[in-house]
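Each chain is listed here by its residues.
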Amino acid sequence: RSATGSGGSLRIVSDTSVAVESGGGDDGAIDVSGATAGTITISAARDLSLQGRLLASGLVSDGDGGMVDVAAASVAMGPRAVIDATSGRLGAGGQITVSAAAFLTTDGRLASTGGSGAGLPGVMLTAGGVVRVLGVIDASGILDPVEGDGGSVSIHSTGGDVILAGSIDTAA
């Protein structure tokens, strides 16, 4: 995590499951934030349980958010989970992609907010089964209320319902 350097990249691939835990007051965290944020890629053949934080934020005023790409057979984000690809006040929000072959549940916070450079790419959720959005998805342009543009949110299920019980914000 550096306010002057670029964030790096981290890739995790598992032939079974991946868990980013929380508990005892500390959350498991992966952080590739920087003046320009980096990339987090997690792929699991079975389940992905996210209870902690995946951070790819631009830390300076014109820093862009990074990229977080998560894919598994099933994905479950708990209520304390955070995926953050926000930018600085003048930067563009990053990209968050969460894909599940079966079901996908988000009960935490996904943030791809941006400033005057906000807009695309935003947040994309895709599943082969039911998609449940119980938490917050924020792709707004609120970091620069004068020039900020809202980002995009895409939710797609190819074989199940989409259940929205949380909040989605793409306001400028």
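Residues numbered from 1 in each chain as written. Predicted model: local features only at pLDDT ≥ 70, side-chain atom pairs only at ≥ 80, totals over all residues. Heavy atoms only, no water.

J.: Please set out the pattern of salt bridges residue by residue, giving values where relevant.
T.: By the definition in use, this model includes one salt bridge. When the shortest N-O distance is used, the salt bridge between Arg 109 and Asp 138 registers 3.4 Å. Of the two residues, Arg 109 is situated in strand 14 (residues 109-111) and Asp 138 in strand 17 (residues 136-138); the sequence distance between them amounts to 29 residues. For Arg 109, a relative accessible area of 35% puts it in the partly exposed group. Residue class for Asp 138 comes out buried when judged on its relative accessible area of 8%. (Salt bridge = Lys/Arg side-chain N within 4 Å of Asp/Glu carboxyl O. Helix = DSSP H or I, 4+ residues; strand = E, 2+ residues; numbered from the N terminus. Buried < 20%, exposed > 50% of the residue type's maximum accessible area, 1.4 Å probe, protein only.)

J.: Before we move on, could you go through the environment of Gly 141 and cite the residues and values that matter?
T.: With respect to the helices and strands, Gly 141 occurs in the loop between strand 17 and strand 18 (153-157). Its relative accessible area of 0% is what places Gly 141 among the buried residues. In this structure, the C-alpha to C-alpha distance between Gly 141 and Gly 93, residues 48 residues apart in sequence, is 8.2 Å.

J.: Talk me through the pairing of strand 7 (residues 47-50); I want residue IDs and the actual numbers.
T.: Along strand 7, the buried face is formed by Leu 48 and Leu 50; none of Asp 47 and Ser 49, which line the opposite face, is buried. Where strand 2 (residues 18-20) meets strand 7, three bridges bridge the pair, whose relative direction is parallel. The residue of strand 7 that forms the bridge with Val 20 is Leu 50. Relative to strand 10 (residues 74-77), strand 7 is paired through four bridges, and the arrangement is parallel. Its bridge partner lying in strand 10, Ser 49 is registered against Ala 76. (Pairing = 2+ DSSP bridges.)

J.: I'd like a rundown of the sheet that holds strand 17, residues and numbers included.
T.: A sheet is described by the order of its strands in space; here six strands give the open sequence 5-8-11-14-17-20, paired in parallel fashion. A strand with exactly one partner marks an edge of an open sheet, and here the two such strands are strand 5 (29-31) and strand 20 (167-169). Sheet twist, expressed as the mean angle between neighbouring strand axes with direction ignored, is 5°. Bridge count for strand 11 (residues 82-84) against strand 14 is three bridges, and the pairing is parallel. Of the residues in strand 14, the one forming a bridge with Asp 84 is Ala 111. (Axes fitted to C-alpha atoms, helices over the stretch in contact; angles between N-to-C directions.)

J.: Summarise the side chain of Thr 86; cite the residues concerned and give the values.
T.: Tracing the backbone through its elements, the reader meets Thr 86 in the loop between strand 11 and strand 12 (95-100). Given a relative accessible area of 14%, Thr 86 falls into the buried group. A distance of 3.4 Å separates polar atoms of two side chains, one belonging to Thr 86 and the other to Ser 57. For Thr 86, the residues in contact, after removing those within four places along its chain, are Ala 56, Ser 57, Gly 58, Asp 64, Gly 65, Ala 111, Ser 112 and Thr 113. (Polar contact = N/O pair within 3.5 Å; in protein donor to acceptor, adjacent residues only side chain to side chain. Contact = heavy atoms within 4.5 Å.)

J.: Mind laying out the pairing of strand 9 (residues 67-72), listing which residues take part and the relevant values?
T.: Because side chains alternate across strand 9, one face comprises the buried residues Val 68, Val 70 and Ala 72, and the other comprises Met 67, Asp 69 and Ala 71, none of which is buried. Sheet topology places strand 6 (residues 39-44) next to strand 9; five bridges connect them, and they run parallel. In the strand pairing of strand 9, Thr 41 is matched with Asp 69. Pairing of strand 9 with strand 12 involves six bridges; the strand directions are parallel. Along strand 12, the bridge assignment pairs Val 68 with Ile 96.

J.: Can you tell me about the sheet that holds strand 16 (residues 131-133), naming the residues and giving the values?
T.: Spatial strand order, 2-7-10-13-16-19: six strands in an open sheet with parallel pairing. Two strands bound the open sheet, and with one partner strand each, they are strand 2 and strand 19 (162-164). Here the strands of the sheet are splayed against their neighbours by 5° on average, with no regard to which way each runs.

None of the figures reported here should be taken as evidence of function without further support.
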